[in-house]
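# Inside the fold
For reference, the chains in residue letters:
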Amino acid sequence: MAELIGVTTCFVTLSVLSFIVYYIAEFTVGNRVSQEVEIEGLDVPEMGVPGYGGMVMDKNSESPVSH
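Residues numbered from 1 in each chain as written. Predicted model: local features only at pLDDT ≥ 70, side-chain atom pairs only at ≥ 80, totals over all residues. Heavy atoms only, no water.

## Let's talk about the overall build of the protein chain
The number of helices and strands found in the protein chain is 3 helices and 2 strands. Moving toward the C terminus, one meets the helices and strands of the protein chain in the order α-α-α-β-β. When the 67 residues of the protein chain are sorted by exposure, 0% land in the buried category. Of the roughly 6,100 Å² that the protein chain leaves accessible, carbon and sulfur atoms contribute 67%. (Helix = DSSP H or I, 4+ residues; strand = E, 2+ residues; numbered from the N terminus. Buried < 20%, exposed > 50% of the residue type's maximum accessible area, 1.4 Å probe, protein only. Areas by Shrake-Rupley, 256 points an atom, 1.4 Å probe, with all protein chains shown as cover.)

## Let's talk about a nonpolar patch on the surface
Where nonpolar side chains cluster on the molecular surface, the patch consists of F11, V12, L14, V16, L17, I20 and I24 and spans about 680 Å² of accessible area. With respect to the helices, strands and loops of the structure, L14 is situated in helix α1 (residues 2–28). Given the relative accessible area of 54%, L14 is considered exposed. (Patch = residues over 30% accessible without salt bridge, like charges linked within 9 Å, V, L, I, M, F, W, Y side chains within 5 Å. Salt bridge = Lys/Arg side-chain N within 4 Å of Asp/Glu carboxyl O.)

## Description of the packing of aromatic side chains
When we look at a pair of aromatic rings, we describe it by the centre distance and by the angle of the planes. A full pass over the atoms with the stated rule returns 3 aromatic pairs. Taken together, a centroid distance of 5.1 Å and an interplanar angle of 90 degrees make the contact between Y22 and Y23 edge-to-face. Among the aromatic residues, ring-to-ring pairing joins F19, Y22, Y23 and F27 into one connected group. (Phe/Tyr/Trp six-rings, centres within 6.5 Å; stacked < 30°, edge-to-face > 60°.)

## So, the confidence of the model for the protein chain
Averaged over all residues, the pLDDT of the protein chain equals 81, while 81% of them reach at least 70. The weakest mean pLDDT in the protein chain belongs to strand β2 (residues 63–66) at 55; the strongest belongs to α1 at 96. (pLDDT = per-residue confidence, 0-100.)

## Some remarks on α1
Here α1 contains 27 residues, and its C-alpha end-to-end distance of 39 Å stays within 8% of the 39 Å for a straight helix at 1.5 Å per residue. Residue G30 follows α1 closely and has a positive phi angle near 85 degrees. (Expected span 1.5 Å × (residues − 1).)

## A closer look at the environment of V33
Assignment of secondary structure puts V33 in the loop between α1 and α2 (35–40). Overall, V33 belongs to the partly exposed group, its relative accessible area being 36%. Ignoring anything within four residues of it in the chain, the contact list for V33 reads E38 and L42. (Contact = heavy atoms within 4.5 Å.)

As structure tokens, this is what we get:
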């Protein structure tokens, strides 16, 4: 029974702390990029190069097409 209480206490404590840290990060720096950047992809903004050579997203179908 003591182990169950310990596990539950750890789970609840870490859940609450994670929730607090998540919202602090959300309000200070943000957790997501803008919707436009998310749709375009993060390869070029984050890494500076396209992630898939020879592939371009077809914006109508949102699936990659080969050139």
